[in-house]
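Geometric and topological summary
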Amino acid sequence: MNNERLQQLLANYLPAEYGVASLVGGQFIRGNGEIIRVRKAHDGSELYSYRDADETLIPQLADATKNAGTAWWALTAQARGRIMYQIGAEVRKEATNIAEIEAIASNKPVRDAIGEVQKVAEMFEYYAGWTDKLHGEVIPVPTTHLNYVTYEPLGTVLQITPWNAPVFTAGWQIAPAIAAGNAVILKPSELTCLTSLVLGVLIERAGAPKGLVNIVAGYGHTIGQSLIANAPIRKVVFVGSPATGRHIAVAAAQRCIPAVLELGGKSANIIFDDADWDKALRGAQGAIFGGAGQSCVSGSRLLIQENIYHKFVADMATASAKFKVGNPEDSETQIGPINNEKQYKHVCNMLNKAKNEGAVVAGELTVPVPDSEGFYINPTILTGHNDMYVAQEEIFGPVVVAIPFKDEADAIRIANESRFGLAGAVWTKDVGRAHRVAKQIKAGTFWINGYKTINVSSPFGGYGESGYGRSSGLEALREYSEVKSVWVETAENPLVNFGYGAQEK
């Protein structure tokens, strides 16, 4: 490992003699595959390297998850809740360290990372309260039976998480899964596995059975595929690109295993001419430039009513030029780098496509950042229209396409002309209009006079090619549960009914 500060931080959680390794059943196991080299996005230098995990881990994962899952479900619901609450406490205690690791190893501005780590603690605390409230229902069936429904754990679930918000997404998925009684195999991005490993260690420190949550460090196309094909799993949850999501859905379906997919977005952020100007301007910037645009819910299509279009674009370009773009380890940095070289090249290619299509960069900022050794893109506003390639495909960088619209109907039409449907927003002082627009936009999450507000208690997921299934809230617990319907005959002398109709007397 080439970063001394990162080594110091990780020494609190990971045994130095193992380097970066998978956490299986409470033990660290080195991979035997090819060497994975992780580079700093700030300057392209190598940060650390490790060997890809291989499928020899799978039998150990099978034993670990079976034993830990059985032990976990054998605990009372209240005992599971207390352990989950303690996980939240452990995360809070280590929040500063985890955020610094995230900034160094995941290229996320430290000021953003600390907020995300605190959210992880909230996730475990929230679901701790659900463990003893997962009761079933009694169904008033029109027969001589008592019919009740129970919710049981699936068993072991596989979760595959992305590089853009590693520790946040890990907590977002693990907390509801174990609250519902399941064991977890988490496969984070090979580029950003460190904070997921730290979270795995803290879960065990809090008293969870070793092997309840296992972290596998390696590539998606090697160990990830092997886990889907061969691990003893009952569900696959994937957060990432639509292209990869399709492959995962097919692979899971071949084993008759259900999936939850949280995929890309091309969210429409709609600004009407009666919007609060300053709030809408700040909201439009935060919607796309927060996290350097590397967020699935980014407001990457900015729809502006045509009579205010030019002024709003000009004001946003002026304001955006004031953001501090730089090293994510600097506490003053507001916009960090693109996470990795592959994604950086993708963003640059999308900007070239936009130029070829006739899009114009608003303002005077140079794109990408000149004289930089790292993967930096200045906040960029493109003026264009909804038919452009860059308005239809996910860029996943600090780049927004500003699109004019005429009226309410036109705004709704443009917003819905996308194969994605993850999120969106409207800015207006007209309450009736706000709710009309919210009702008609095809998106799983929609904000009125705000953006990017999410909470663990509220369901999250998409329409269309943004995926299916829901994370967070009560809906996530249902995603991680098996439903059982139990019928009890209560009649004294029931007749046998060999069909599926109602029982008769």
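Look a little higher up for the structure.
Predicted model only: the values in this text are computed from it and were never measured.

A regular strand carries its side chains on alternate faces of the sheet. As defined by bridge partners, strand β18 (residues 423–427) adjoins strand β19 (residues 445–448) across 4 bridges and the pair is classed as parallel. Bridge pairing in β19 places Gly424 opposite Phe446.

What follows is about the sheet that holds strand β13 (residues 301–305). The strand order across the open sheet built from 7 strands is β14-β15-β16-β13-β12-β18-β19, with neighbouring strands paired in mixed fashion. Unpaired on one side and paired on the other, β14 (360–361) and β19 mark the two borders of the sheet. As defined by bridge partners, β13 adjoins strand β16 (residues 399–405) across 5 bridges and the pair is classed as parallel. Along β16, the bridge assignment pairs Gln305 with Phe405.

Turning our eyes to something else, we now look at the pairing of strand β11 (residues 259–262). Of the two faces of β11, both are covered, the one formed by Ala259 and Leu261 as well as the one formed by Val260 and Glu262. Where strand β10 (residues 235–239) lies against β11, 4 bridges are found, and the strand directions are parallel. In the strand pairing of β11, Phe238 is matched with Leu261. Remark: the β10/helix α9 (residues 242–254)/β11 crossover connection has right-handed handedness.

Moving on to the packing of aromatic side chains. If you walk through the whole model with that rule in mind, you get 10 aromatic pairs. Between the aromatic rings of Phe168 and Trp172, the centroid separation amounts to 5.3 Å while the plane-to-plane angle is 25°, which identifies the pairing as stacked. Residue Phe168 and its partner Trp172 are located together in helix α6 (residues 166–179), separated by 4 residues, close to a single helical turn. Taken as a pair, Phe168 and Trp172 share a single burial class, namely buried.

In spatial order, the strands read β5-β6-β22; together these 3 strands make up an open sheet with antiparallel pairing. Each edge of the open sheet is held by one strand with a lone partner, namely β5 (137–139) and β22 (481–489). Within the sheet, the average angular offset between the axes of one strand and its neighbour, ignoring direction, is 25°. Judged from the 9 bridges that link them, strand β6 (residues 145–153) and β22 form a sheet pairing that is antiparallel. Considered in β22, the bridge of Thr150 is made with Lys484.

Analysis parameters
Residues numbered from 1 in each chain as written. Predicted model: local features only at pLDDT ≥ 70, side-chain atom pairs only at ≥ 80, totals over all residues. Heavy atoms only, no water. Pairing = 2+ DSSP bridges. Helix = DSSP H or I, 4+ residues; strand = E, 2+ residues; numbered from the N terminus. Buried < 20%, exposed > 50% of the residue type's maximum accessible area, 1.4 Å probe, protein only. Right-handed = clockwise from strand over helix to strand, strands pointing away. Phe/Tyr/Trp six-rings, centres within 6.5 Å; stacked < 30°, edge-to-face > 60°. Axes fitted to C-alpha atoms, helices over the stretch in contact; angles between N-to-C directions.

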